[in-house]
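Per-entry structural report
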Amino acid sequence: DSDAPSFPSMTDKTVHDCDITAAKVKKKLEKLKISKSPGPDEIHPRILKELKDEICTPLSIIFNKSLVTGHIPGEWKTATVTALYKKGDKSSPNNYRPISLTSVVGKTMETIWSAT
């Protein structure tokens, strides 16, 4: 179908080109904003940041295994959608915007993978 959108090819980067190291995970966890809300997995960014030294190696193993097998945990692919008040009459739905809270762990893997 000629009207179908085109997407960038992922063939340029394979899982073999990417090795998510514990050091990369730790660096990313150090930069987490602890004021952000957790996603559907209910893992708060503060916990991840405070335990970065203890969890960077296990997370790197999980991330690499996920990339090699092509299996992403379901909770990393879901979002909790909530309404955030903007301004005006609070009783009007038009004065709210939707926000999607996704897994901080899943977003961490995604940002490391996309930066590689």
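The subject of this paragraph is the nonpolar core. Counting 15 residues, the largest nonpolar core has I20, V25 and F63 as its most contacted members. Those elements that place two or more of their residues in this core are α1 (22–30), α3 (52–69) and α4 (104–115). Per-element tally for this core: the top contributor is α4, with five residues.

This model, assessed by the stated rule, comprises two salt bridges. The partner of D53 in a salt bridge is K26, and the shortest N-O contact between them spans 2.8 Å. Of the two residues, D53 is situated in helix α3 and K26 in helix α1; the sequence distance between them amounts to 27 residues. On the basis of relative accessible area, D53 is assigned to the partly exposed category, the value being 46%.

What follows is about the packing of α3 against α4. Close contact between α3 and α4 brings their axes to 11 Å; oriented N to C, the two are set at 70°. Regarding the angle of α3 to α4, the classification is roughly perpendicular. Crossing of α3 against α4: the hand is right-handed. When α3 is examined against α4, the residues L59, F63, S66 and L67 are found in contact with a partner set consisting of V105, T108, M109, I112 and W113. Looking at the contact of α3 with α4 residue by residue, the class counts come to seven nonpolar, two polar and no charged.

Further remarks concern the side chain of K52. In this fold, K52 is placed in helix α3. There is no salt bridge for the buried K52, and the closest opposite charge comes from D53, which lies 4.8 Å off by N-O distance. Those residues in contact with K52 that lie beyond four places of it in its chain are K26, L29 and E30.

This brings us to the packing of aromatic side chains. Within this structure, the stated rule accounts for two aromatic pairs. Here the aromatic rings of F63 and W76 are separated by 5.8 Å at their centres, their planes lie at 75°, and the arrangement is edge-to-face. Here the residue F63 occupies a position in helix α3, and W76 occupies one in the loop between α3 and β1 (79–85), the gap between them amounting to 13 residues. Given the relative accessible area of 0%, F63 is considered buried.

It is worth spelling out unusual backbone geometry at this point. For E42, which is not glycine, the phi dihedral falls at a positive 60°. Note that E42 resides in the loop between α1 and α2 (45–50).

Basis of the calculations
- Residues numbered from 1 in each chain as written.
- Predicted model: local features only at pLDDT ≥ 70, side-chain atom pairs only at ≥ 80, totals over all residues.
- Heavy atoms only, no water.
- Core = buried A, V, L, I, M, F, W, Y, C linked by side-chain atoms within 4.5 Å.
- Buried < 20%, exposed > 50% of the residue type's maximum accessible area, 1.4 Å probe, protein only.
- Helix = DSSP H or I, 4+ residues; strand = E, 2+ residues; numbered from the N terminus.
- Salt bridge = Lys/Arg side-chain N within 4 Å of Asp/Glu carboxyl O.
- Axes fitted to C-alpha atoms, helices over the stretch in contact; angles between N-to-C directions.
- Parallel < 35°, antiparallel > 145°, perpendicular 65-115°, else oblique.
- Left-handed = near helix turned anticlockwise from the far one by under 90°.
- Contact = heavy atoms within 4.5 Å.
- Nonpolar A, V, L, I, M, F, W, Y, C, P; charged D, E, K, R; others polar.
- Lys, Arg positive; Asp, Glu negative; His and termini not counted.
- Phe/Tyr/Trp six-rings, centres within 6.5 Å; stacked < 30°, edge-to-face > 60°.

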